[in-house]
Structures are given as C-alpha cells and as structure tokens.
Amino acid sequence: MATVHNWQLGREMAYPYEATYPERQFAFVFNINRCIACQSCTMACKSTWTFSKGQEHMWWANVETKPYGGYPMFWDVKILDLLDRANADGRGWTGAPSGERPGPYGRFEGRTIFEAERMLTPDSARVLGYLPPDEEWNSPNIYEDNPVGPPGKPFEWHKTGATLPEHTTWFFYLARICNHCTYPACLAACPRKAIYKRPEDGIVLIDQQECRGYRKCVEACPYKKSMYRGNTRVSEKCVACYPRVEGKDPESGGKPMETRCMAACIGQIRLQGLVRLNRDGTWAEDRRHPLYYLVHVAKVALPLYPQFGTAPNGYYIPPRWVPRPYLRQMFGPGVDQAIERYETPDRELLAVLQLFRRSNLIIYRYEVVEGPKVYEGTLRGRRITVYNDTVIAYGRDGEELFRTTVEEPVHVRPPQHANSI
Ligand code: SF4
Ligand code: SF4
C-alpha cells in the first residue's frame, strides 16, 4: 500500500497505488434542493449509452428517493454497515469543519474502505466491499416518494405540518453518477489493471478489451457505479460522456461540453466542470471558477460519503429540510455550515447559483457585475438584501458563453396567444 493525501479527510491515507493526478479533474455540483425526480437525466444517459441488449438493468445515471430508495437496493446502508464494523471503536470526524487545516471538513480518524479491508483481512482483497445479488439491481426507483414517517410507522405521513429547519416527514431525491474518484476503488480492485484514470481530465474508464468480468470493481466501488453486463461478460460504467467533454459533439462547435445527464436536467440542479489540481491532488486556487467557488469558497457543496476514502468528485448542496444527523453521515461535518450559507446566500452565491443550466458548454470562469438593489427584507429571522447582479460565464478560451441576471425576466404573453407558447 502507498500513502496518498486525501484532502477531503484532512489526512494521509493508505491506497494500493502511488498517487498520480490529472491536470484537470472532471467534477460536478448537484443542488439537491432543486431536484424534482423527473428522471430526465436518467433517461438521457440510458438513451445514449445503455439501451442495448444486456444493459436492461444498467443505469449509469440514476435518481433515488432517500432514505429508503437505492440502486442497487440499500447500497449505502450495506457499505456503511461494513465500515461501522471496521470502525467499531467509534472513530469518526474530529476538528473544526470551518478551518482549512487539517481539511475543510476537519479530520476523519476512522478507517476508509482501503484501510478497513487491510485491517480485517490483511492478505485478501484490497478494498472493503460487497457484491450485490442480481435482485438488488432490478428496481432502480424502488421506494420512490416514500417518506420517513412517525417513529415506528415508516412510509406514513405525519399528521401535523412541517417547518424548517427540519421536517418530521421527509424524503429527498439523490441524483447519482460515477464520481470519477481521485482514488477510485474500482481501479484499485481490478486484478487485470483494466481500469484507468485519464491524465487530461481524471475521467475513470474500463478498458473493454482488457476486462474479463471478474467483477472486482463492482464489489469494490462503494457507490456501486461499476456494473456487470451478462451477455458480453465485461463490466461497464459511466464514461462521463467523454466525447462531449473533449468537444467532439457536433453541436459543441469544438468546445468542451457538459455530459448528457447534466444537459437534460429540468430542475437545473447540475453544474459540471473541469477543475485545476495541484501536484498533491488538492484543488488549485481558481477563485473565479464556479465549482471552486461552491466547494472551497462558499463551501455549500459537499462530497458524497467522503468517509469512504475515494475522494469522490461529485459534490452536493444538501437538502435543507432533512434531519441533520442523516445529512452529516452522508456529507460529513460541513453540512450545518453549508445549509446555513445556502439558506441566506450572500450576493456572490446568489449570482453563481444562476449559472446552473444556462448553457451546455463547460464554464471555466465567471465574473459578477453589480446591479441595483431589488429587495430588502427578513428571511427566517435574518436581514437579507437582494441585488439584480449580472453573472457572466466564460469558456475554455476566455470567450463569453452567456450572461444572465439574478432576477429572471418575466414574459407576459399577448392576449391573442394566451394559451400558446
Ligand atoms: S464512483 Fe465507483 S466506479 Fe466511479 S470512479 Fe469511484 S470507485 Fe470507480
Ligand atoms: S433531470 Fe435534474 S431535476 Fe430531473 S431528476 Fe435528474 S437531476 Fe433531478
């Protein structure tokens, strides 16, 4: 085992290979507060990549209802249970989540899936995991819209009303794709070395010629985003729509373009980009990059289950109404600060949130031009002022992609076209 730096955990970590990092890393932010589970993303992916024979139960992109839903069923409960057993001495997060040292979320003292496996069975597999049985892949949207109800009565609604900060009856939609992890468990576990991480953008791919279908990646990926295809007897996974990211999509005009699931998002929850990395795998300071801003400056977007140790590159703005203990185990100790900032956004955050889904081209930089004050009032006991600022998005070559304002324009249909668009 080598020792690598995992900035999400605020410490060094054991990993089977020496660390190498791409120049830029494929990353994304999903704003859970906006997801309506329309499944447009799921179908955009399905109709592009997994519509063939043998892929019937394969959903590289999926949206599940938490806490009961999951694809495959109970994937996170199962891996968390394994990790709990490996951390039976109660190890967890320490330190202040607000500081940059040891990490932005403090320091994770527990064992990751790479360290736990070594402790439990020193000579066996390299990664703690499990292989879901076939039936657990069969119902990708099981428990859709089923809420947590009163104690002892799951799936029932509370009879009383609900108010923030926490609802007593709750569920939320968790949209998921492969996280194109910095330390991929799938790659670490493959005995054929058939999985690789591209040096130019950090996208993790399975070489279909090299794979022999041992399913070690399926067993190892804690997010269960590597999948086995029975009729070809090889494993497949999300390819991050790499031809689009490379600018090869005919519609892109040669410019880097976001993936199909991002582009299809009706709820406008998704923003994807390519972030610059330092030599130790941390994010290089890039103050005007929207993902850098959301993850490292505003700190409203958090990694999904950072304690697994893969350093996932998918980040989530957590749902405001969900009980905090549930969110803390899912996104780490940065949850409270993230929700507080999201609930009462400052001027820059409000502007950056307007960048989501205004274009399918990848944004590399933004600028905010100040506009007039349009609202002053009180929100959940706090003073809030809203300005109609303009945010301008720039592409790879510094060209302006679009500009938009905080206030959305209102279009009034003329009377003769009242019922048409
Ligand atoms: S999410 Fe799973 S399949 Fe994707 S890179 Fe990470 S470990 Fe591999
Ligand atoms: S398209 Fe967007 S809003 Fe619809 S389910 Fe997917 S992530 Fe949610």
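From a predicted model like this one, the values you see are computed outputs, not experimental measurements.

1. Some thoughts on the overall build of the chain
For the chain, the count of helices and strands is 11 helices and 19 strands. By the compact-globule yardstick of 22 Å for 421 residues, the chain fits well, its C-alpha radius of gyration being 22 Å. With the principal axes as the frame, the chain shows a C-alpha extent of 70 × 55 × 45 Å. Taking all contacts inside the chain whose residues are at least 6 apart in sequence as the whole, residues at least 24 apart take part in 65%. With an accessible surface of roughly 18,600 Å², the chain has 51% of that area assigned to carbon and sulfur atoms. Distance between charge centroids for the chain: 1 Å, based on 54 positive and 48 negative side chains.

2. Overview of the site of ligand 1
Cys-178, Asn-179, His-180, Cys-181, Pro-184, Ala-185, Cys-186, Val-204, Cys-221, Tyr-223, Lys-225 and Lys-237 make up every residue found near ligand 1. Here the shell around ligand 1 is composed, by residue class, of 8 nonpolar, 2 polar and 2 charged.

3. Some points on helix α9 (residues 324–331)
Three or more residues of α9 are buried, namely Arg-324, Tyr-326, Leu-327, Met-330 and Phe-331. Relative to the axis of α9, the buried residues are bounded by an arc of 155° and lie together on one face. Those residues of α9 that are buried lie in contact with β4 (62–66), α2 (75–86), β7 (172–176), β13 (302–303), β14 (314–317) and α10 (335–343). Backbone geometry just after α9 places Gly-332 at a positive phi near 90°.

4. Concerning unusual backbone geometry
A cis amide bond, omega 15°, links Lys-66 with the succeeding residue Pro-67. The amide bond that connects Tyr-71 to the next residue, Pro-72, takes the cis arrangement and shows omega of 0°. With respect to the element layout, Pro-72 can be found in the loop between β4 and α2. Its identity is not glycine, yet His-180 carries a phi of approximately 40°, on the positive side. Note that His-180 resides in the loop between β7 and α4 (185–189). Phi at Ala-311 takes a positive value of approximately 50°, unusual for a residue other than glycine. When its relative accessible area of 3% is taken as the criterion, Ala-311 is described as buried.

5. Let's talk about the packing of α9 against α10
Look at α9 against α10: their axes get within 9 Å of each other, and the N-to-C directions meet at 110°. The orientation of α9 relative to α10 falls into the category roughly perpendicular. For the pair formed by α9 and α10, the contact residues are Arg-324, Leu-327, Arg-328 and Phe-331 on the first element and Val-335, Asp-336 and Ile-339 on the second. Of the residues that constitute the contact of α9 with α10, the class distribution is 4 nonpolar, no polar and 3 charged.

6. Thoughts on the pattern of salt bridges
Side-chain pairs of opposite charge can arise where the charged atoms are in close proximity. By the definition in use, this model includes 32 salt bridges. With a closest N to O distance of 3.1 Å, Lys-66 and Asp-76 form a salt bridge. Here Asp-76 lies in helix α2 and Lys-66 lies in strand β4, a separation of 10 residues in the sequence. Comparing Lys-66 with Asp-76, the two get one shared label, buried. Linking Arg-85 and Asp-81 is a salt bridge whose minimum nitrogen-to-oxygen distance equals 3.1 Å. In this pair, Arg-85 and Asp-81 both sit in helix α2, 4 residues apart, roughly one turn of the helix. Arg-85 sits in the exposed class, given a relative accessible area of 57%. Since its relative accessible area comes to 38%, Asp-81 is described here as partly exposed. Here the residues in one salt-bridge network are Arg-198, Glu-200, Asp-201, Glu-246 and Lys-248, joined through shared partners.

7. Re the pairing of β14
Alternating residues of β14 divide into Gly-314 and Tyr-316 and Tyr-315 and Ile-317, and every residue in both groups is buried. Summarising the sheet, strand β3 (residues 24–31) and β14 pair through 4 bridges and their orientation is parallel. Opposite Asn-31, over in β14, you have Ile-317 as the bridge partner.

8. Quick look at the nonpolar core
Phe-172, Trp-283, Leu-294 and Phe-331 are the most contacted members of the largest nonpolar core, which has 123 residues in total. Residue contributions to this core peak at 6 residues, all from α2.

9. Here's the deal with the site of ligand 2
Around ligand 2 sit 14 residues in total, of which Cys-35, Cys-38, Gln-39, Cys-41 and Cys-265 are the nearest. Looking at the shell around ligand 2 residue by residue, the class counts come to 10 nonpolar, 3 polar and 1 charged.

10. A look at the pairing of β7
Along any regular strand, the residues point their side chains to alternate faces of the sheet. Across the 5 residues that make up β7, a large majority, 5, are buried. By the alternation rule, side chains of β7 split into Phe-172, Leu-174 and Arg-176 and Tyr-173 and Ala-175, which are all buried. Pairing of β4 with β7 involves 5 bridges; the strand directions are antiparallel. Bridge pairing in β7 places Val-63 opposite Ala-175.

11. Observations regarding the environment of Leu-350
Locating Leu-350 in the fold gives a position in helix α11 (residues 347–352). Here the alpha-carbon distance between Leu-350 and Arg-365, two residues 15 residues apart in the chain, equals 16 Å. Leaving out residues up to four positions away in the same chain, Leu-350 has contacts with Pro-345, Val-386 and Val-406.

12. Overview of helix α8 (residues 290–297)
For α8, the buried fraction is high: 7 of the 8 residues fall into the buried class. For α8, the complete set of buried residues consists of Pro-290, Leu-291, Tyr-292, Tyr-293, Leu-294, Val-295 and His-296.

13. Quick word on the sheet that holds β13
Here we have 4 strands laid out as an open sheet, ordered β12-β3-β14-β13, and mixed in their pairing. One side of each edge strand has no neighbouring strand; the edge strands of this open sheet are β12 (270–276) and β13. Examined bridge by bridge, β13 and β14 share 2 bridges and lie antiparallel to one another. Bridging from a neighbouring strand, Pro-303 pairs with Tyr-315 of β14.

Rules behind the numbers
- Residue indices follow the written sequence of each chain, beginning from 1 at its first position.
- Starting at A for chains and at 1 for ligands, labels are handed out in the order in which the entities are written.
- In view of the model being predicted, local features appear only for residues whose pLDDT reaches at least 70, and side-chain atom pairs are presented and counted only at 80 or more, with totals across whole chains, interfaces and linings using the full set of residues.
- Excluding hydrogens and water, the side-chain values take into account all heavy atoms of the structure.
- Runs of E in the DSSP output that reach at least two residues are strands. Runs of H or I that reach at least four are helices, and both are numbered from the N terminus.
- Here the globule rule reads 2.2 Å times residues to the power 0.38, and the radius of gyration is calculated from C-alpha atoms.
- Any pair of residues with heavy atoms lying within 4.5 Å of one another is described as a contacting pair.
- Only the protein chains shown count as covering a residue, and every accessible area follows the Shrake-Rupley method with a 1.4 Å probe.
- Neither His nor the chain ends contribute to the count of charged residues, in which Lys and Arg are positive and Asp and Glu negative.
- The atom standing in for a charge is NZ when the residue is Lys, CZ when it is Arg, CG when it is Asp and CD when it is Glu.
- Proximity is defined per residue: any heavy atom of the residue falling within 4 Å of a molecule or strand makes that residue near it.
- Note that Gly is not counted as nonpolar here; it falls among the polar residues with everything else outside the nonpolar set of Ala, Val, Leu, Ile, Met, Phe, Trp, Tyr, Cys and Pro and the charged set of Asp, Glu, Lys and Arg.
- In this scheme, a residue with accessible area under 20% of its type's maximum is buried, one over 50% is exposed, and one in between is partly exposed, where area comes from a 1.4 Å probe on protein chains only.
- Note: the arc covers the axis-to-C-beta directions of the helix.
- Here an angle of 0 to 180 degrees is reported between the N-to-C directions of two axes, which are lines fitted to C-alpha atoms, with helices fitted over the stretch in contact.
- Just so you know how the angles are binned, under 35 degrees is roughly parallel, over 145 roughly antiparallel, 65 to 115 roughly perpendicular, and the rest oblique.
- Here, a salt bridge means any side-chain nitrogen of Lys or Arg that lies within 4 Å of a carboxyl oxygen of Asp or Glu.
- Strands are labelled as partners when DSSP assigns at least two bridges between them.
- Buried residues of nine kinds, namely Ala, Val, Leu, Ile, Met, Phe, Trp, Tyr and Cys, make up a nonpolar core once their side-chain atoms join them within 4.5 Å.

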